[in-house]
Amino acid sequence: MIEIERKFLVKSEAFKKEAFKQTRISQGFLNTDKARTVRVRLKGKQGFITIKGASSKSGLSRFEWEKEIPKQEAEALLELCEPSIIDKTRYEIKQGQHIYEVDEFYGDNSGLIVAEIELNTETETYIKPDWLGNEVTGDVKYYNSQLSKHPFKSWIK
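What comes next concerns the included structure. (Residues numbered from 1 in each chain as written. Predicted model: local features only at pLDDT ≥ 70, side-chain atom pairs only at ≥ 80, totals over all residues. Heavy atoms only, no water.)

With that settled, the discussion passes to the packing of aromatic side chains. Across all of its chains, the model carries 6 aromatic pairs by this definition. Members of the aromatic cluster, each reached through a chain of ring pairs, are Phe15, Tyr91, Tyr100 and Trp131. It is Arg62 that lies over the ring of Tyr143; its NZ or CZ is 4.8 Å from the centre. (Phe/Tyr/Trp six-rings, centres within 6.5 Å; stacked < 30°, edge-to-face > 60°. Lys NZ or Arg CZ within 6 Å of the ring centre and 35° of its normal.)

Quick look at the structure:
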């Protein structure tokens, strides 16, 4: 139940040509405490609830527990979330043995595109596609829980 991932900014939309899947996602947070976040997500026609722990010092790993819940329950829980629901499209792109999940944000986070890759170990090697930009792993301002409180448009110039 430990998630190990790296996070990057995306510098072009070339990833869209490589995507094998795309899904619209709405998500909100029932709790955004530094020690834990509780997220509710609608991903297409599926609902999920996820609990994430605090990140490691490197920012690469943290506890994650996720459970699928009925869509109607996710919709009801979204109504209880802290202000500012995240709206994005997730693109999935295969690169070697890994899948990049690239999130294109809308609303107050419009203009932000972030890629994540999940790894089995913190030192695992992976392919870096040309459209991948600067690494932002561990930079909390790019966490979805923080983007819901301090949207991209409020801090980008």
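Here the focus is empty space enclosed by the protein. Under the criterion given, the structure shown has 1 cavity of 30 Å³ or more. In this structure, the largest cavity spans a volume of roughly 90 Å³. If you go around the largest cavity, the residues you meet are Glu3, Glu5, Lys7, Ser55, Gly59, Leu60, Ser61, Arg62, Thr137, Gly138 and Tyr143. Elements with a minimum of two residues in the lining of the largest cavity: strand S1 (2–10) and strand S5 (61–69). It is S1 that contributes the most residues to the lining of the largest cavity, 3 residues altogether. (1 Å grid on protein atoms, 1.4 Å probe; cavity = no way out; pocket = protein on both sides within 12 Å on 5 of 7 lines; lining within 4 Å. Points joined across faces, edges and corners; volume = space filled by probe spheres on them. Helix = DSSP H or I, 4+ residues; strand = E, 2+ residues; numbered from the N terminus.)

Moving on, we get to the nonpolar core. In terms of nonpolar packing, the biggest core is built from 15 residues, with Val10, Phe15, Ile93, Tyr100, Val102, Ala115 and Trp131 touching the most fellow members. Looking at this core, the elements with two or more residues in it are S1, strand S6 (86–95), strand S7 (98–105) and strand S8 (113–118). Those residues in contact with Val102, other than ones at most four positions away along the chain, are Val10, Phe15, Thr89, Arg90, Tyr91, Ile93, Ile113, Val114, Ala115 and Trp131. Membership of the second largest hydrophobic core comes to 9 residues, among which are Phe29, Phe105, Leu112 and Tyr142. (Core = buried A, V, L, I, M, F, W, Y, C linked by side-chain atoms within 4.5 Å. Buried < 20%, exposed > 50% of the residue type's maximum accessible area, 1.4 Å probe, protein only. Contact = heavy atoms within 4.5 Å.)

For S8, the buried fraction is high: 5 of the 6 residues fall into the buried class. Strand direction decides the pairing type here: S1 and S8, joined by 5 bridges, are antiparallel. Along S8, the bridge assignment pairs Lys7 with Glu116. One ladder, built from 5 bridges, connects S7 with S8; its direction is antiparallel. Looking at the pairing, Tyr100 lines up with Ile117 of S8. (Pairing = 2+ DSSP bridges.)

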